[in-house]
Amino acid sequence: MAETHVLFVEDDDVIREATQLALERVGFAVTAVPDGLLGLEAFRADRPDIALLDVMVPGLDGVSLCRRIRDESTVPVIMLSARADAIDVVLGLEAGADDYVTKPFDGAVLVARIRAVLRRFGHAAGAGGATAGEGTPDEADGVLVFGDVQIDTEGMEVRRGGAPVGLTPTEMRLLLEFSSAPGTVLSRDRLLERVWDYGWGGDTRVVDVHVQRLRTKIGQDRIETVRGFGYKLRA
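All residue numbers refer to position in the chain's written sequence, counted from 1. Only residues with pLDDT of at least 70 are given local features in this predicted model, and only at 80 or more are side-chain atom pairs given and counted; all residues enter the totals for whole chains, interfaces and linings. Note: side-chain values were computed over all heavy atoms of the structure, leaving out hydrogens and water.

Novice: Sorry if this is basic, but what is going on with the overall build of the chain here?
Specialist: Regarding its fold elements, the chain presents 8 helices and 11 strands. Three exposure classes are used, based on accessible area relative to the maximum for each residue type with a 1.4 Å probe and protein chains only: buried under 20%, partly exposed in between, and exposed over 50%. Within the chain, the proportion of its 235 residues that are buried is 47%. Contacts are residue-level and defined by heavy atoms, with any inter-residue pair within 4.5 Å sufficient. Counting contacts in the chain only where the partners sit at least 6 residues apart, residues at least 24 apart contribute 59% of the total. Note on areas: these come from Shrake-Rupley sampling with a 1.4 Å probe, and a residue is covered only by the protein chains present in the view. Total accessible area on the chain is roughly 10,600 Å²; 51% of this is exposed by carbon and sulfur atoms. Each helix is a run of DSSP H or I of at least 4 residues and each strand a run of E of at least 2, with the numbering of both proceeding from the N terminus.

Novice: Whenever I open this one, helix α4 (residues 86–94) confuses me. Can you help?
Specialist: Two residues of an α-helix separated by three or four positions point the same way, owing to the 3.6 residues in each turn. Regarding α4, the residues found buried are D88, V89, G92 and L93. Viewed end-on, α4 has its buried residues packed into an arc of 120°, placing them on one side of the element. Pointing more than 90 degrees away from the buried face of α4 are the exposed residues I87 and E94. Contacts made by the buried residues of α4 are with α3 (62–72), β4 (77–81), β5 (99–102) and α8 (205–218). This arc describes the spread of directions from the helix axis toward the C-beta atoms.

Novice: Help me understand the sheet that holds strand β8 (residues 157–160) in this model?
Specialist: Strand pairing in a sheet is mediated by backbone hydrogen bonds. Such pairs are either parallel or antiparallel. Reading across from one edge, β6-β7-β8-β9 is the order of the 4 strands in this open sheet, with antiparallel pairing throughout. At either end of the open sheet lies a strand with only one pairing partner, and these are β6 (143–146) and β9 (163–165). Neighbour-to-neighbour, the strand axes of this sheet turn through a mean angle of 25°, independent of strand direction. Judged from the 4 bridges that link them, strand β7 (residues 149–152) and β8 form a sheet pairing that is antiparallel. In the strand pairing of β8, D152 is matched with E157. Pairing between two strands requires that DSSP report at least two bridges joining them. The axes are straight lines fitted to the C-alpha atoms, using for helices just the contacting stretch, and the angles between their N-to-C directions are given from 0 to 180°.

Novice: Help me understand helix α7 (residues 188–195), please; the structure alone is not making it clear to me.
Specialist: Those residues of α7 not exposed but buried are L191, L192 and V195. Along α7, the residues classed as buried sweep out an arc of 100° about the axis, all on the same side. In this fold, the buried residues of α7 make contact with α5 (107–122), α6 (169–179), α8 and β11 (230–233). Looking one or two residues beyond α7, the residue adopting positive phi is D197, at roughly 60°.

Novice: Help me understand the environment of F121 in this model?
Specialist: Along the chain, F121 turns up in helix α5. A sequence separation of 45 residues divides F121 from P76, and the C-alpha atoms of the two residues are 7.4 Å apart. Not counting residues within four places of it along the chain, the set of residues in contact with F121 comprises T74, V75, P76, D98, P169 and T170.

Novice: Help me understand the confidence of the model for the chain in this model?
Specialist: Detail in the predicted coordinates should be disregarded across regions flagged by low pLDDT. Per-residue pLDDT for the chain averages 86, and the proportion of residues at 70 or more is 88%. On a scale of 0 to 100, pLDDT captures the predictor's confidence in every residue. Residue range residues 123–138 is modelled with pLDDT below 50. Its contacts to residues more than four positions away, or to other chains, number 40 contacts.

Novice: What am I meant to see in the sheet that holds strand β1 (residues 5–9) here?
Specialist: Pairing in this open sheet of 5 strands is parallel, and the strands run β2-β1-β3-β4-β5 from one edge to the other. Sheet topology places β2 (29–33) and β5 at the edges, where each strand pairs with a single neighbour. Here the average twist between neighbouring strands, direction ignored, is 20°. Where β1 and strand β3 (residues 50–54) come together, 4 bridges link them in parallel fashion. If you follow V6 over to β3, its bridge partner there is I50.

Novice: Sorry, what's going on with the pairing of strand β10 (residues 223–226) here?
Specialist: Looking down a regular strand, the side chains alternate between one sheet face and the other. Bridge analysis of β10 against β11 gives 4 bridges, and the strand direction is antiparallel. From the neighbouring strand, I223 faces β11, where its bridge partner is L233. The antiparallel hairpin formed by β10 and β11 contains 3 residues in its connecting segment, where G228 sits at a positive phi of about 85°.

Novice: Looking at this structure, how should I read the pairing of β6?
Specialist: Relative to β7, β6 runs antiparallel, the two sharing 4 bridges. Paired with V145 across the bridge in β7 is Q150. The turn joining β6 and β7, which pair antiparallel and follow one another in sequence, is formed by 2 residues; a positive phi near 65° is taken by G147.

And the structure:
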């Protein structure tokens, strides 16, 4: 089986070298670079399986690099930040990151988060997603219909008003989780567990930003906020 290739962009030499060794020790192939411009070059040359991007790197900061990567690929991205600052977190997620980890981090925790992201990207439909036989009365041949939104649960494609909608694998898993229980309020904790594969408490900002990103693609009124409880898909 081919090694999972990780692109790691980090300007701190000690953190970069120690993390690279820790990741290689558990079987990842790692390309580690100290700035964002080199990171973009490495991404285009190597096409890694996942990217770990520090927010504050020279040349091209991590958030801008994430945007550039997202313009070209749906490869999973985890942002790394020395602060649990809300602005850093939200900017990274809005740029298209799938998750974030706050420094200093434990190597085992980082590995677990990487593997969790890779698992859900490798299985976009996921155990928590909708499958044929679930959904609404508008379903036919594995296609769920909610207003002008069509979800092909077998082909993993989404259309709105007949036009294709480009979703990242995380966004697709999130939409499938909603579509498996239309009209049912899903808590942020449930979504973290089912979509992000967290068996432990996570930051619900990850959910909120991804819901907002999904709304911009399938319609702002399609996913309703139920204050104090979570979100639900309008059938």
